[in-house]
Amino acid sequence: MSDEQPILQERRGEANGILWLTLNRPHKLNALTFPLLKEMREILFHARFDRTIRCIVITGAGRGFCAGMDFSGAANPNPDPRPEGLDEAGTADIEGYRLNFRHETETYIALRRMEVPIIAMVNGPCVGAGFDLASHCDLAVVSTAARFQVAYVKRGLYADLGGFWSLPKVVGWRKAMELMMTGRFMSAEEAHEAGFSNYLVEPEKLEGRTMELALEIEAGPPIGQKIGKLLAVRTANMDFDTAMQWSESAIPLVGMSWDGREGAQAFREKRDAKFKGF
C-alpha cells in the first residue's frame, strides 16, 4: 500500500469547524514516519492561523490508532545521514542523533502549541509514540478495542516524545510510573478508570460519540475556549495569586468580545448562544 497520503484531512461539522485528521498507514497500524510527521507538522502550523477551525480530531485508519515509530525499510528515507568524514567504524554521532530527533519533537511541539481543543479518537492499539501523541491531546474518546503501552522501555529507552511529561498529568504519577517502568500493556478499561479517556465506548459507537463531542466544542465560543486552554496550560505550575493575575489580564479579551456579549444576551433571553469567534 502506498504512503502517498500519510495523513488524510477532512473538514466536518455544522460550520466545517472540525479538522479531522486520520493517520493513514493502516498496513503498519499507522506507525509514524518522518514524511508523515513532516506533513502533520505543516498541517498544524497552518491550522494555527485558520480561525475557522474550532476543534481538531486525530485518529488512525483501520484497526489501530498508532503503533509508534516505524524505522523499517524505506519508511524513513535517509533518516540519519552521516556527515562526510565521520568515522564509519562506529564513532557516535551524538549531534546528528539530536538533530535527527527533531523530525519527531518539532511535530509534537506543534501539536502542543495548538490553541483549539484537540480530541484523540483512539480506535485500537496506541503504543510508544502513538501513546505520547494521544496523551498530548486535550480530550480522548476511546474504543474498548484500544490498548496502550509505553513501548520504549522494552527497547531500553524512555517515553522520549513527551510521554514523560504528559502521562503523569493525564493518568496520575503512580500509574504513569508503573507504565513507564514496566512497559506493560494497559487495557482500554484500565485507561478509562485512570482518567485517560473522557468516554469509553464500543467500537461501533466510537466515531459517533467523538463527533458529538466535537460538535459541542464547535458550537462553543472560540475565544473563550482558546483563552481557557491557554490559561490551563500556562498557569499549571504557577501559584494561585499569579494565575489569577493572568486571568485578570485575559478576562477583558473574552468578556468584551462579540461572543462575550452574545453569551450574556443569550443567557438573559434564555436561548442558545450563537457564537461567531470574534
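A few points on the structure. (Residues numbered from 1 in each chain as written. Predicted model: local features only at pLDDT ≥ 70, side-chain atom pairs only at ≥ 80, totals over all residues. Heavy atoms only, no water.)

For the rest of this paragraph, the subject is the environment of Arg147. Mapped onto the elements of the fold, Arg147 is located in strand S7 (residues 147–149). When the C-alpha positions of Arg147 and Phe131 are compared, they lie 9.5 Å apart, and in sequence the two are 16 residues distant. (Helix = DSSP H or I, 4+ residues; strand = E, 2+ residues; numbered from the N terminus.)

Positive phi is not limited to glycine here, since Asn30 has a value of about 60 degrees. With respect to the secondary-structure elements, Asn30 resides in the loop between strand S2 (18–23) and helix H1 (34–47). For Asn30, a relative accessible area of 0% corresponds to the buried category. Unusually for a residue other than glycine, Lys270 sits at a positive phi of about 55 degrees. When you line up the elements, Lys270 lands in the segment after helix H10 (258–268). (Buried < 20%, exposed > 50% of the residue type's maximum accessible area, 1.4 Å probe, protein only.)

What follows is about the pattern of salt bridges. Per the stated rule, a full pass over the model turns up 14 salt bridges. Of the charged contacts, one joins Arg11 and Asp50 as a salt bridge, the two residues approaching to 3.3 Å between their closest N and O atoms. Here Arg11, found in strand S1 (residues 7–12), pairs with Asp50, found in the loop between H1 and strand S3 (55–60); they are 39 residues apart in sequence, far enough to count as distant. According to the relative accessible area criterion, Arg11 is partly exposed, its value standing at 32%. Looking at Asp50, the relative accessible area reads 26%, which means it is partly exposed. Here the residues in one salt-bridge network are Lys175, Glu178, Arg184 and Glu190, joined through shared partners. (Salt bridge = Lys/Arg side-chain N within 4 Å of Asp/Glu carboxyl O.)

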